[in-house]
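Here are the chains, one letter per residue:
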Amino acid sequence: MKKFMNDPFEVTNELVEGFVIANEPHFRKLDGMNVVVKKEIPENKKATILIGGGSGHEPLFLEFIGKGMGDCAVHGNIFASPSVDMVYEGIKAANTADGVIMIYGNYQGDILNFEMAQEMARMEGIRVDTVRVWDDVASADAEHKEDRRGTSADLPVIKIAGAASEKGLAYDEVLRIVTKARDNCRSIGISLSSCTLPAVGEPIFHLAEDEMYVGMGVHGEPGVEIRPFCRADEAAKILFDKVTNDDLPIKAGDEAVLVVNSYGATTRMELLIIIREIKKLCDAAGIGIHAVEYGDLCTSQEMAGVSFTMMKLDDELKALYDEPAVSPGFSRVQW
């Protein structure tokens, strides 16, 4: 394993310090904690947005705070939940409005720690609600979608949340809209290689050169099927079919936001080739593409592979998605 790092057990501390240095005019770090908050939160906000989870997925979550995005990021150790204390202090730091809405992936450690912090904050009179992202169709069937893992749908959900919050919508309205955005997202991934945890130095799993793993999780969780490695167009069809054949109620005439995400080692060249084929598949299905986001968005260290997310739009979500957003890891502006 070759990584530019110092002590592998200090990776998260050092990357957060580097983030704050690189973006010093806009963010502050809480003392002794990997909790980063915007220095200026607009006074018109009725709901502030706290996002978080384990590190190792950058730019998710840390770099998705900014204008029209999250207000506070709580960054745990590599692939590990932030502590209860970190989430609790993050809630208090972000609570400059009517309350805080937390967005994080549907993982047991995150659920336990975020919910405990939420209860502590509520005991102090702070309004806190949660929207857990559960978009990965490979991790549970449609009847048990609340058991699914949260993956690259975090980006469009955070984008919608940030837009609704930035517009100063009422707290209950923001919560309703964010929940709808989450429920309109589905994702699937294909891995070509494993990631390596800095503190371990060895791959989590192994694939032969002629194999790929469909449905692999962003922490190396088992997928659903090892298949022969294939051409880009065939991979795109696997991704498209897995998402649209699930319970996402999308049909001809609907519009969607697409996210084509690199797990860390997959090049933009490869992503664009996959996007080309997905466009053909959308056209054949009569699905309109409102926006395509691509690049390193929800990574898994240096894992090779790609995930595909589709968020079905209605008029409300479409208008909010088009609101401007500026953050270190993702921006959306009108040309």
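Computed from a prediction, not measured in an experiment: that's the story for all the values here.

What counts, and at which threshold
Residues numbered from 1 in each chain as written. Predicted model: local features only at pLDDT ≥ 70, side-chain atom pairs only at ≥ 80, totals over all residues. Heavy atoms only, no water. Axes fitted to C-alpha atoms, helices over the stretch in contact; angles between N-to-C directions. Helix = DSSP H or I, 4+ residues; strand = E, 2+ residues; numbered from the N terminus. Parallel < 35°, antiparallel > 145°, perpendicular 65-115°, else oblique. Left-handed = near helix turned anticlockwise from the far one by under 90°. Contact = heavy atoms within 4.5 Å. Nonpolar A, V, L, I, M, F, W, Y, C, P; charged D, E, K, R; others polar. Disulfide = S-S within 2.5 Å. Buried < 20%, exposed > 50% of the residue type's maximum accessible area, 1.4 Å probe, protein only. Pairing = 2+ DSSP bridges. Salt bridge = Lys/Arg side-chain N within 4 Å of Asp/Glu carboxyl O.

Notes on the packing of helix α4 (residues 154–166) against helix α5 (residues 171–183)
Stage number 1. Taken N-terminus to C-terminus, the directions of α4 and α5 make an angle of 160°; their axes are 9 Å apart at the nearest point. When the axes of α4 and α5 are compared, the pair comes out roughly antiparallel. α5 is crossed by α4, and the crossing has right-handed handedness. For the pair α4 and α5, contact is made by Val157, Ile160, Ala161, Ala164 and Ser165 and by Val174, Ile177, Val178, Ala181 and Arg182, respectively.
Stage number 2. Within the contact of α4 with α5, the residues separate by chemical class into eight nonpolar, one polar and one charged.

Considerations on the state of the cysteines
Stage number 1. One pass over the structure, following the stated rule, counts zero disulfides.
Stage number 2. Free cysteine Cys282: the closest other cysteine sulfur is in Cys185, separated by 14 Å.
Stage number 3. A relative accessible area of 0% places Cys282 in the buried class.
Stage number 4. Cysteine Cys298 remains unbridged, with the sulfur of Cys195 as its closest cysteine sulfur at 12 Å.
Stage number 5. Taking the relative accessible area as the measure of exposure, Cys298 reaches 5% and is therefore buried.

Looking at the sheet that holds strand β9 (residues 225–228)
Stage number 1. Spatial strand order, β9-β8-β7-β12-β10-β11: six strands in an open sheet with mixed pairing. Where the open sheet ends on each side, the last strands, each with one partner, are β9 and β11 (288–296). Averaged over neighbouring strand pairs, the angle between their axes works out to 20° when direction is ignored.
Stage number 2. Two elements, strand β7 (residues 185–191) and strand β12 (residues 305–313), share seven bridges in a ladder whose sense is antiparallel. Looking at β12, one finds that Cys185 is bridged to Met311.
Stage number 3. In this fold helix α7 (residues 268–285) packs onto β10 (255–262), β11 and β12, with an angle of close to 165° to the strand it touches most, β11.

Description of the sheet that holds strand β2 (residues 35–38)
Stage number 1. Strand order in this open sheet of six strands is β1-β2-β4-β3-β5-β6, and the pairing throughout is mixed. Two strands in the sheet have a free side with no partner beyond their single neighbour: β1 (27–29) and β6 (128–133). In this sheet, neighbouring strand axes are inclined to one another by 20° on average, regardless of whether the strands run parallel or antiparallel.
Stage number 2. Examined bridge by bridge, strand β5 (residues 100–105) and β6 share six bridges and lie parallel to one another. Note that in β6 the partner of Tyr104 across the bridge is Arg132.
Stage number 3. Across the sheet, helix α1 (residues 11–22) lies against β1, β2, β3 (48–55) and β4 (72–78), angled at about 150° from β4, the strand it touches most.
Stage number 4. Contacts from helix α2 (residues 84–94) reach β1, β2, β3, β4, β5 and β6 within the one sheet, and its direction differs from that of β4 by about 165°.

A few points about the pattern of salt bridges
Stage number 1. Applying the stated rule across the entire model yields 30 salt bridges.
Stage number 2. Residues Arg182 and Asp183 are paired through a salt bridge, measuring 2.5 Å at the closest nitrogen-oxygen approach.
Stage number 3. The network of salt bridges with shared partners includes Glu119, Arg122, Arg127, Asp129 and Asp172.

Remember that the coordinates give geometry; whether it matters functionally is a separate question.
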